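Fold and geometry: a report
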Amino acid sequence: MSRSDRGTRAMHQALPPALRDAVDDFAEHLSGVRNRSAHTVRAYVTDLVSLLDHAVRMGCVDLAELDLSVLRSWLARQRTTGAARTSLSRRAASARAFSAWAHRAGLLPADVGAALASPRAHRELPSVLRADQAAVLVEAPSRQAPPTNPPAESGPSGAAEAVPLRDRVLLELLYATGVRVSEACGLDVGDVDHGRRVIRVFGKGGRERSVPYGVPAQRALDDWLRRGRPAMVGARSGDALLLGARGGRLNPTTARQIVGAYAEAAGLPRTSPHDLRHSAATHLLEGGADLRAVQELLGHSSLASTQIYTHVSVERLRAAYRQAHPRA
């Protein structure tokens, strides 16, 4: 358990019983009704415990006493302690979500968070590889030995020869489909439809979508399933598509290390799986894909999340113009 988790737990235990119960009930609502991931629930609970701890310090002993001034005071205190605008925006969203739930549950007489404004988070343009750089990265496992970072995995006999095949299919799928690293690691063998060349992905909130992939990814999948996975499969494998060298499902943290290590070994900019997702979306749009189609492929619930990639494309166009046009 991290130091921040221990601090949150201590603050949670110090809350008055009614407030502590409200936190627990809200967490149960998020996980059981809203089907939020454990990571998301933990982030909401951390924000909520901080808010209610601040409310108690301001003299609120009952949840019904929580009002807009307390919420604003809490955010102002966060700002004075150096919280970034993105953090403030997320914490304000947590407060609004809790306020709406508490009002529906009859714990608050009014949805006091509905009027809570938050600073607009500054959105930096995502890091994007050029198409030729992405090609170098996804083909790297076929051209070079697995990088020493992460350390060479040890596992069943034959696993060493299977690791490059696993790494190749991981990189191909991340770039070909634009899926999140957690979604890629969560794939089962049965989620691959070889005939239609699509994978079934379960995204945020358990939402299911089908994502197509191309011929290079199909070749990598065929090699992995025919020669790689059988050499690494073990008692812990289950139906997992991507395996660690010890036979269990590939961990997203290990997958991030794999991507970063191959990028470094190939002399490419520092690259994460999410950078490959950004690159896939940008290259699709630059190739003429419809924005809503890209939204569906990425599994974005809002088109606003997808629109940032149009800015990436425009910036690349401007850079090319400035470099090439004589009167730029």
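Residues numbered from 1 in each chain as written. Predicted model: local features only at pLDDT ≥ 70, side-chain atom pairs only at ≥ 80, totals over all residues. Heavy atoms only, no water.

This part takes up the pairing of strand S2 (residues 198–202). Relative to S2, strand S1 (residues 192–193) runs antiparallel, the two being bridged by two bridges. Across the sheet, the residue bridging to aspartate 193 is valine 198, located in S2. In this antiparallel pair of consecutive strands, S1 and S2, the connection spans four residues, and arginine 197 shows a positive phi of 55 degrees. In terms of strand pairing, S2 meets strand S3 (residues 208–212) through five bridges, oriented antiparallel. Paired with valine 198 across the bridge in S3 is proline 212. Here S2 folds back onto S3 in antiparallel fashion, the turn holding five residues, of which glycine 205 has a positive phi close to 70 degrees. (Pairing = 2+ DSSP bridges. Helix = DSSP H or I, 4+ residues; strand = E, 2+ residues; numbered from the N terminus.)

With 20 residues, helix H5 (residues 85–104) extends 29 Å between its outermost C-alpha atoms, agreeing within 8% with the 28 Å of an ideal straight helix rising 1.5 Å per residue. Turning to H5, its buried residues are Leu88, Arg91, Ala92, Ser94, Ala95, Phe98, Ser99, Ala100, Trp101 and Ala102. On the buried face of H5, the contacting elements are helix H2 (17–32), helix H3 (38–57) and helix H4 (68–80). Remark: glycine 106 follows H5 within two positions and exhibits a positive phi of approximately 80 degrees. (Expected span 1.5 Å × (residues − 1). Buried < 20%, exposed > 50% of the residue type's maximum accessible area, 1.4 Å probe, protein only. Contact = heavy atoms within 4.5 Å.)

Further remarks concern the environment of glycine 214. Here glycine 214 is to be found in the loop between S3 and helix H9 (215–232). Placed 38 residues apart in sequence, glycine 214 and alanine 176 show a C-alpha to C-alpha distance of 6.6 Å. With near-sequence residues (within four places) excluded, glycine 214 lies in contact with Ala176 and Arg197.

Quick look at the packing of H2 against H5 now. Where H2 contacts H5, the axes come no closer than 11 Å and their chain directions differ by 100 degrees. Comparing the axis directions of H2 and H5 gives the class roughly perpendicular. For the pair H2 and H5, contact is made by Ala22, Asp25, Phe26 and His29 and by Ala97, Phe98, Trp101 and Arg104, respectively. Partitioned by chemical class, the residues of the contact of H2 with H5 number five nonpolar, one polar and two charged. (Axes fitted to C-alpha atoms, helices over the stretch in contact; angles between N-to-C directions. Parallel < 35°, antiparallel > 145°, perpendicular 65-115°, else oblique. Nonpolar A, V, L, I, M, F, W, Y, C, P; charged D, E, K, R; others polar.)

Attention shifts here to the side chain of arginine 91. Within the fold, arginine 91 resides in helix H5. When its relative accessible area of 18% is taken as the criterion, arginine 91 is described as buried. Arginine 91 has contacts with Asp47, Trp74, Leu75, Gln78 and Ala83, leaving out every residue within four places of it along the chain.

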